[in-house]
Amino acid sequence: AGAADSRGPEAPAELSKVVLSIKPRAGRAKPGRPVSVDVFLEGAEDLRLYEVAVDVVGGHTGDLVLNDVFVDEHRQDFVFAGRSPVIISDPSRQRATSALWEGGESTVDGTRYLATYVFVPSHDAWGVFRLLLRAAPGTLLRNSLNQPIVISESGAATIEVGKWGR
């Protein structure tokens, strides 16, 4: 029996690197035109609940205004695909949450989808805007014992806003 077999149920296992990432569907946007950004997870063990929140910083002028935040539970790469999770979207706090009623995902294999954010650059927006996952408690992962899952790495993304072409 190895060390993994001697763990009690109170000791959460961190057997892999847990990575959260933000991926814009387009790296460039025009003022007034929506741009979608997806949040992904890799490597979690026994995931039961997640909450993600995205903040925007930078740009020379204007803002990236949050228009919507949602969890598309019909995506094949959704972390809880095939299950019946509770899903809560809270645009006023820029966060999305999903949880299983019981149990957890034994292993999150590969890159799995968590949420989508839709931003609209203000009409005076110009420059490079950085999208960052808010630190805990804004972004968090929990296992089936409601214990925190340590996030090893949390990525950022950029969207460049300008008036290109037509």
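Before going into details, it helps to say that this report is about the structure given with it.

## Quick look at the overall build of the protein chain
Item 1. Within the protein chain, the regular secondary structure consists of 0 helices and 13 strands.
Item 2. When the helices and strands of the protein chain are read in sequence order from the N terminus, they spell out β-β-β-β-β-β-β-β-β-β-β-β-β.
Item 3. For the protein chain, the residues scored as buried account for 39% of the 166 residues in total.
Item 4. Long-range contacts, defined here as pairs at least 24 residues apart, represent 80% of the contacts in the protein chain between residues at least 6 apart.
Item 5. Total accessible area on the protein chain is roughly 8,800 Å²; 50% of this is exposed by carbon and sulfur atoms.

## Looking at the pattern of salt bridges
Item 1. Summed over the entire model, instances satisfying the criterion amount to 7 salt bridges.
Item 2. Between Asp55 and Arg134 there is a salt bridge, with the nearest N and O atoms lying 2.7 Å from each other. Separated by 79 residues along the polypeptide, Asp55 in strand E4 (residues 45–58) and Arg134 in the loop between strand E10 (127–133) and strand E11 (140–143) bring together distant segments of the chain.
Item 3. Residue classification places Asp55 among the partly exposed positions, given a relative accessible area of 26%.

## Structural notes on the side chain of Ser98
Item 1. Inspection of the secondary structure puts Ser98 in strand E7 (residues 95–99).
Item 2. Of note is the side chain of Ser98, whose polar atom sits 3.2 Å from the backbone oxygen of Val86.
Item 3. In this view, Ser98 contacts Arg48, Leu49, Tyr50, Phe78, Phe80, Pro85, Val86 and Ile87; residues no more than four positions away in its chain are not counted.

## Details of the sheet that holds strand E3 (residues 35–42)
Item 1. Strand order in the open sheet formed by 5 strands is E5-E9-E3-E1-E12, with mixed pairing between adjacent strands. Edge positions in the open sheet fall to strand E5 (64–70) and strand E12 (153–154), since each of these has one partner strand only.
Item 2. Summarising the sheet, E5 and strand E9 (residues 111–121) pair through 6 bridges and their orientation is antiparallel. Residue pairing in the sheet places Asp68 in a bridge with Val118 of E9.

## Observations concerning unusual backbone geometry
Item 1. Ala136 connects to Pro137 through a cis peptide bond whose omega is 15°.
Item 2. Locating Pro137 in the fold gives a position in the loop between E10 and E11.
Item 3. Phi at Asp46 takes a positive value of approximately 55°, unusual for a residue other than glycine.
Item 4. Relative to the assigned elements, Asp46 resides in strand E4.
Item 5. Residue classification places Asp46 among the partly exposed residues on the basis of a relative accessible area of 24%.
Item 6. Of note, the phi angle at Asn146 is positive, near 60°, even though the residue is not glycine.

What counts and what doesn't
- Residues numbered from 1 in each chain as written.
- Predicted model: local features only at pLDDT ≥ 70, side-chain atom pairs only at ≥ 80, totals over all residues.
- Heavy atoms only, no water.
- Helix = DSSP H or I, 4+ residues; strand = E, 2+ residues; numbered from the N terminus.
- Buried < 20%, exposed > 50% of the residue type's maximum accessible area, 1.4 Å probe, protein only.
- Contact = heavy atoms within 4.5 Å.
- Areas by Shrake-Rupley, 256 points an atom, 1.4 Å probe, with all protein chains shown as cover.
- Salt bridge = Lys/Arg side-chain N within 4 Å of Asp/Glu carboxyl O.
- Polar contact = N/O pair within 3.5 Å; in protein donor to acceptor, adjacent residues only side chain to side chain.
- Pairing = 2+ DSSP bridges.

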